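Report on the structure
Listed here are the chains, written in short residue letters.
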Amino acid sequence: MRAGLAGVVAAGAALGAAELVAAGTGPASGPLVAVGGVVIDHVPVAVKDFGIRVFGVHDKTALIIGTLVLLGLYAYGLGVLALRRWVPAVAGIALFGLLGAAAAVSREGAGPAAVLPSVLGAAVAAAVLRYLRCLCLRDATPSDVAGVRDSSYAVGNRRRFLRDAGFVALAAAGAGVTGRMIGSRRAVDVARQSVALPAPIEPTPVVPGGVQVPGAVPWVTPNRDFYRIDTALVTPRVDPATWRLRIHGMVRNPIEITWDELLRRPMVERHVTLACVSNEVGGDLIGNALWLGTPIKALLDEADPLPGADQVVQRSADGWTCGAPTAVLRDGRDALLAVGMNGEPLPVAHGFPARMIVPGLYGYVSACKWITEIELTTFAGFDAYWVPRGWSAQAPVKTQSRIDTPRDGSSRPAGPVTVAGVAWAQHRGIDRVEVQVDDGAWQPASLAPAASADTWRQWSLSWPATPGRHTLRVRATDTDGVTQIANQAPPAPDGATGWHQVEVDVE
Ligand SMILES: Nc1nc2c(c(=O)[nH]1)N[C@H]1C(S)=C(S)[C@@H](COP(=O)(O)O)O[C@H]1N2
Ligand SMILES: [Mo]
């Protein structure tokens, strides 16, 4: 019994090790997937049809499980055999390693390295079996093992066997899971690199010259510097080949689109500034990017929402949800189902392959990354992820402004100092920015041109700095004529308020 178990554990160790190696040599080079692939390609059509008929969409899972069961039986037999006759058992392992290796190199596009997972897996199996076999031998009974010398049936070592076999099994499972995770990560990175983004149907809106003010942050935030906020411990790796977006719920015409169908839809490019509701006054959880995407309004129109469906719930591959007002997504603003960010496919951390971008709403109510589902529902009927956690169900971006230079706590010589920064009121637009030095009068800053109402706007002011410690404050007014209020409120539940200020020492 224990000898057979040793065989099964050794086979598990082999698979775990092989999957870990396959993380480097490609997911198709793992023995299980390689052998499974060969079987699928060579099995008679009648058998394949039977499999699909019986197991439906789970036919591949059934195949893998079937293979595992066969392998388990074979390994059990080898374990028992190994107790008595080591050499034939090793030959049995080698045979399996060769089978896996042969299957792996025969796969489309496989290089010589594809043999490594199976070969190394077989070596691990032999080593594990050799070790566990010793533990079996030491307390096997004569009836178990004919012809083994008496000295081998030493003290009972059942506990040690179970402990070590359990340890090996755990390590194998860990190695297997890690290998698969790394492998799928690589596979999605490769898929992302091979995405050819479609051209927009109209020229990218021209950004007026001078949007960038010296001293302020880059007007377009490079992807690598773009803030990242999400609840994902490990970023979801979504393969575009299997990606689907389902639009359903309170609609007359549910829709499901594939990646290729999405890429064939009309695409536009828009600069949109995305802000996080958790951004403190003066904080940097905000960025501006050029997004390539298809207007979500057209897709929603096709799905034809029922009257009363006032909330569009977006759901991501990892189950996170956010909800935006249906009316906002259909009011004609550039709410995009986005696939590109600053000229490249969305980085994985920013939602590859597809995410939502809605000008004027905070990210937590509108900007679902790794999106796979859109459900028309009501605000009364569904609370998205952050709502039960104390955040507002509806959250338009609040007008805000920030001083980027000079930095808080910095010191500089007396004389003219450029004070500069950014201000934003997405989808309303910034009308005015004012700066206050100490308790003086509010002075109008000069505004850089606006690219659109959906992006932040930079500003600057020349300040004749006199010796001493000074406080600089900024406040913005949006095109509705509403000026930022002084009252300092924390980000929860619907965005911070208050004026950003910095202290500067002038010598
Ligand atoms: N799937 C998913 N999408 C998400 C989130 C998340 O936790 N999971 N966080 C949201 C929040 S709170 C913000 S502010 C934006 C941030 O987008 P970014 O990470 O690309 O800057 O993504 C939104 N989309
Ligand atoms: Mo956020």
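The structure presented is a predicted model; accordingly, all values stated were derived computationally and were not measured.

Digging into the packing of aromatic side chains
By the definition in use, this model includes nine aromatic pairs. Ring geometry for Trp 243 versus Trp 259: centroids 6.1 Å apart, planes at 85°, classification edge-to-face. Here Trp 259 lies in helix H8 (residues 259-264) and Trp 243 lies in the loop between helix H7 (158-193) and strand E1 (244-249), a separation of 16 residues in the sequence. The class of Trp 243 is buried, set by a relative accessible area of 2%. Classification of Trp 259 as buried rests on a relative accessible area of 8%. Relative to Trp 386, the ring of Tyr 385 has its centre 4.9 Å away and its plane inclined at 80°; by these criteria the two rings are edge-to-face. Classification of Trp 386 as partly exposed rests on a relative accessible area of 28%. Ring pairing ties together the aromatic residues Phe 226, Tyr 227 and Trp 291, which thus form one cluster. Over the ring of Trp 86 we find Arg 130, and its NZ or CZ is 4.9 Å from the ring centre. The ring of Trp 442 has Arg 475 lying over it, and the distance from NZ or CZ to the ring centre is 4.2 Å.

Regarding the domain arrangement of the protein
One can read the domain layout of the protein as domain 1 (2-185), domain 2 (223-377) and domain 3 (400-506). Each of domain 1 and domain 3 has a C-alpha centre, and these two points are 65 Å apart.

Observations concerning the sheet that holds strand E19 (residues 500-506)
Within a beta sheet, neighbouring strands are joined by backbone hydrogen bonds and run either parallel or antiparallel to one another. Taken in spatial order, the five strands line up as E12-E19-E18-E14-E15 in an open sheet, and their pairing is mixed. Where the open sheet ends on each side, the last strands, each with one partner, are strand E12 (410-412) and strand E15 (443-444).

Thoughts on the pattern of salt bridges
Using the criterion set out here, one finds 27 salt bridges in the structure. The salt bridge involving Asp 334 is made with Arg 270; its shortest N-O contact spans 2.9 Å. With Asp 334 in the loop between helix H10 (326-329) and strand E7 (336-341) and Arg 270 in strand E3 (residues 268-275), this pair connects stretches of sequence that are 64 residues apart. You can call Arg 270 buried: its relative accessible area is 14%. Linking Asp 439 and Arg 473 is a salt bridge whose minimum nitrogen-to-oxygen distance equals 4.0 Å.

Observations concerning helix H2 (residues 31-42)
Given 3.6 residues per helical turn, the α-helix brings residues three or four places apart onto the same face. Over its 12 residues, H2 extends 16 Å from the first C-alpha to the last, a length consistent with the 16 Å expected when each residue adds 1.5 Å. Taken together, the buried positions of H2 are Pro 31, Leu 32, Ala 34, Gly 36 and Gly 37.

Some details on the environment of Trp 370
Mapped onto the elements of the fold, Trp 370 is located in the loop between strand E9 (355-357) and strand E10 (371-377). In this structure, the C-alpha to C-alpha distance between Trp 370 and Val 238, residues 132 residues apart in sequence, is 7.0 Å. At 2.8 Å, the side chain of Trp 370 forms a polar contact with the backbone oxygen of Val 348.

Concerning the sheet that holds strand E11 (residues 400-405)
Here we have four strands laid out as an open sheet, ordered E11-E13-E17-E16, and antiparallel in their pairing. The open sheet has two edge strands with one neighbour each: E11 and strand E16 (446-447). Inspection of the sheet shows E16 paired to strand E17 (residues 457-465) by two bridges, in the antiparallel sense. Bridging from a neighbouring strand, Ser 446 pairs with Ser 460 of E17.

Overview of the site of ligand 1
Around ligand 1 sit 19 residues, and of these Tyr 227, Thr 231, His 350, Arg 355 and Lys 369 come closest. Ser 316 places a side-chain nitrogen or oxygen 3.2 Å from a nitrogen atom of ligand 1. One of the side-chain nitrogen or oxygen atoms of Arg 355 is found 2.7 Å away from an oxygen atom of ligand 1. Protein contacts shield 99% of the accessible area of ligand 1, which totals 530 Å² for the unbound molecule. Each residue belonging to the shell around ligand 1 can be placed in one class, and the counts come to 10 nonpolar, four polar and five charged.

Definitions and cut-offs
- Residues numbered from 1 in each chain as written.
- Chains lettered and ligands numbered in written order.
- Predicted model: local features only at pLDDT ≥ 70, side-chain atom pairs only at ≥ 80, totals over all residues.
- Heavy atoms only, no water.
- Phe/Tyr/Trp six-rings, centres within 6.5 Å; stacked < 30°, edge-to-face > 60°.
- Helix = DSSP H or I, 4+ residues; strand = E, 2+ residues; numbered from the N terminus.
- Buried < 20%, exposed > 50% of the residue type's maximum accessible area, 1.4 Å probe, protein only.
- Lys NZ or Arg CZ within 6 Å of the ring centre and 35° of its normal.
- Domains from an automatic or database assignment.
- Pairing = 2+ DSSP bridges.
- Salt bridge = Lys/Arg side-chain N within 4 Å of Asp/Glu carboxyl O.
- Expected span 1.5 Å × (residues − 1).
- Polar contact = N/O pair within 3.5 Å; in protein donor to acceptor, adjacent residues only side chain to side chain.
- Near = heavy atom within 4 Å.
- Areas by Shrake-Rupley, 256 points an atom, 1.4 Å probe, with all protein chains shown as cover.
- Nonpolar A, V, L, I, M, F, W, Y, C, P; charged D, E, K, R; others polar.

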